[in-house]
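# Survey of secondary and tertiary structure
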Amino acid sequence: MAFLAWQESLRLLKQGTNEIIGEEDLVEKLKRADSGGPPLRVKLGLDPTAPDIHIGHTVPLRKMREFQDLGHEAYLIIGDFTGRIGDPSQKSETRKQLTTEEVMQNARTYQEQFRKILDPEKTHLVFNSDWFSKWTPEEFLTLASKYTVARMLERDDFEQRYREGKPISILEFFYPLLQGYDSIAIKADVELGGTDQKFNLLVGRQLQKEYGQNPQALIMTPLLEGTDGVQKMSKSLNNYIGINETPGEIYGKTMSISDDLLKSYITLTTDLRGQKLDQYLADLENNKIPPLEAKKFLARRLVEMYHDQEAALKAEQEFTKVFSRGNLPEDIPEKEIDGEWLNENGEIRLVHLLSHLEMVNSNSEGRRLVKQGGVYIDEERVEDPNQAIKPQAGMIVRVGKRKFSRLK
RNA sequence: GGAGGGAUGCCCGAGUGGCCAAAGGGAGCAGACUGUAAAUCUGCCGGCGCACGCCUACGAAGGUUCAAAUCCUUCUCCCUCCA
């Protein structure tokens with residue numbers, strides 16, 4: 001395909017980014033591609049431990065897609081080599097060691113999910129064990145010799161931990177080096193990553209120079225806040241919206257984000273680009289578009305992107321029905337009541353009903369919820385946790401706003 | 001090898017013999033309100049056949065004490081400094 005004029009490409013690529021390092025290099029590379037050179041090789045490193053992609057991951061992936069749409073090639077690097085070793089420090093997010101099978105399994109699920117975002121024709125999935133597992137100790141030492149401790153300590157995170165007397169393992173020093181070497185292995189022209197990857201990306205750039213390659217340009221995308229609006233989106237914090245989730249989940253979780261998050265979500269996670277995006281943000285700013293409407297738009301868009309339009313409409317209708325109007329949802333999971341749980345009168349105490357239906361995690365929790373007025377049977381609030389209930393087919397038990405069960 | 005410091009509930013972080021199931025914040029949950037699962041406000045936020053009863057709990061195992069997250073011993077892991 002024909003490349004866009006490089007100026008135009010550059011403008012597009014810069015949108016929604018946080019920082020670009022080596023912009024001159026990027027311009028050079030774009031120009032070269034523009035005048036008939038080979039497409040750029042754009043690198044993105046992936047964590048081999050997280051098989052579920054959430055919309056936070058999609059931020060750099062979407063940027064990658066833009067590159068692809070401009071005719072360039074994506075190189076996704078799975079850091080399986082480092083993943084197999086495991087990271088001994090960073091207690092906060094203890095990385096566990098992965099077996100080869102696990103890595104392969106994760107890679108497969110990745111690939112399925114990528115199809116929703118990237119152009120498979122222009123996507124190369126690469127494992128860094130391909131080269132590192134063949135390395136001799138000497139080669140590792142050579143790599144290590146290219147960098148100094150002082151430069152390593154330039155990284156905020158290291159510097160801070162060093163100052164505070166927190167542990168930094170030598171292995172952690174190797175991570176940026178190895179990740180940086182990946183750029184050399186695939187001859188990357190550009191590397192994408194979140195702002196938290198800045199240091200690692202820079203190491204890649206510097207190492208490329210050491211090894212006599214053209215340094216890659218770095219494009220850093222902002223980190224997406226999680227649905228809690230406090231921490232960055234991550235699976236372990238359970239504040240994420242996964243692209244494999246059901247339309248209802250995606251829609252609902254989106255509606256639950258704080259209004260303050262709207263702008264960043266719209267710019268970073270939707271395919272609204274260029275002038276349209278600028279216009280939309282402006283309208284949002286001066287209240288031409290009320291936040292509620294914007295959030296519905298966002299929620300609909302996200303469902304459309306990862307499912308389809310029909311699903312989006314349905315999700316919206318469901319949402320309005322259940323949460324705005326307080327009606328019962330379309331699909332209520334059916335649950336069976338085991339006869340053993342009932343007493344001789346065919347009754348069961350409310351708290352036990354709730355825990356048997358797995359609608360609460362413990363009897364105590366059930367008790368609390370009932371006392372707080374969060375439990376309803378056939379849409380009628382029940383107030384006594386010990387109340388005897390005679391289960392009947394079709395009876396609807398509701399806990400809070402979101403949990404429903406229909407008895408068989 | 002030596003000296004010192006630390007490990008607390010989902011996370012951060014107080015607490016140095018009883019008033020501690022453990023302050024405070026965050027997250028989460030419920031309710032009210034709002035035609036948002038937003039914001040705000042209120043409450044909850046170990047378990048148990050549960051209105052002040054019992055059990056489990058402050059890195060692990062023992063011990064002292066009427067009484068321990070808090071004192072002692074050993075152990076595990078971590079950090080700092082000296083060498």
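Each remark here, short or long, concerns the structure printed above.
Each value, and the rule that gives it
Residues numbered from 1 in each chain as written. Chains lettered and ligands numbered in written order. Predicted model: local features only at pLDDT ≥ 70, side-chain atom pairs only at ≥ 80, totals over all residues. Heavy atoms only, no water. Pairing = 2+ DSSP bridges. Helix = DSSP H or I, 4+ residues; strand = E, 2+ residues; numbered from the N terminus. Axes fitted to C-alpha atoms, helices over the stretch in contact; angles between N-to-C directions. Contact = heavy atoms within 4.5 Å. Buried < 20%, exposed > 50% of the residue type's maximum accessible area, 1.4 Å probe, protein only. Right-handed = clockwise from strand over helix to strand, strands pointing away. Core = buried A, V, L, I, M, F, W, Y, C linked by side-chain atoms within 4.5 Å. Domains from an automatic or database assignment.

Another aspect to go through is the sheet that holds strand β1 (residues 19-21). Taking strand neighbours across the sheet as the criterion, the six strands line up as β1-β6-β5-β2-β3-β4 in an open arrangement whose pairing is mixed. Two strands lie at the open edges of the sheet, namely β1 and β4 (123-127), each paired on one side alone. Looking at each pair of strands side by side, their axes are set apart by 25° on average, direction ignored. Pairing geometry for β1 and strand β6 (residues 217-221), over three bridges, is antiparallel. Within β6, the position partnered with Ile21 by the bridge is Leu218. Packed on one face of the sheet, helix α2 (residues 23-34) meets β1, β5 (190-194) and β6 and runs near 110° to β6. With respect to the sheet, helix α3 (residues 58-69) is in contact with β2 (41-46), β3 (73-78), β4, β5 and β6, its orientation differing from that of β2 by roughly 160°.

With respect to the secondary-structure elements, Glu172 resides in helix α10 (residues 170-186). A sequence separation of 121 residues divides Glu172 from Glu293, and the C-alpha atoms of the two residues are 45 Å apart.

Further remarks concern the pairing of β6. Summarising burial for β6: five of the five residues are buried, a large majority. Residues Ala217, Ile219 and Thr221 point to one face of β6 and Leu218 and Met220 to the other, with burial holding for every one of them. Pairing between β5 and β6: five bridges, direction parallel. The residue bridging Gly194 from the neighbouring strand is Thr221, located in β6. Each parallel crossover has a hand, and for β5 linked through helix α11 (residues 198-210) to β6 it is right-handed.

Right, let's talk about helix α13 (residues 262-269) for a bit. At 3.6 residues per turn, the α-helix brings residues three or four places apart onto the same side. Judged by how many residues are buried, α13 sits mostly within the fold: seven of eight residues are covered. Here α13 has its buried residues at Leu262, Ser264, Tyr265, Ile266, Thr267, Leu268 and Thr269. Summarising the contacts, the buried residues of α13 are in contact with α3, α14 (274-285) and α15 (291-306).

If you look at the biggest cluster of nonpolar residues, it comprises 63 residues, and the most contacted ones within it are Ile55, Val190 and Tyr265. In terms of residue count, the dominant contributor to this core is α15 (eight residues). The two domains that each donate at least three residues to this core are domain 1 (6-221) and domain 2 (254-324). Beyond its immediate stretch of four places on either side in the chain, Tyr265 contacts Ile55, Leu224, Glu225, Gly226, Thr227, Met233, Ile241, Ile257, Thr270 and Leu298.

None of the figures reported here should be taken as evidence of function without further support.
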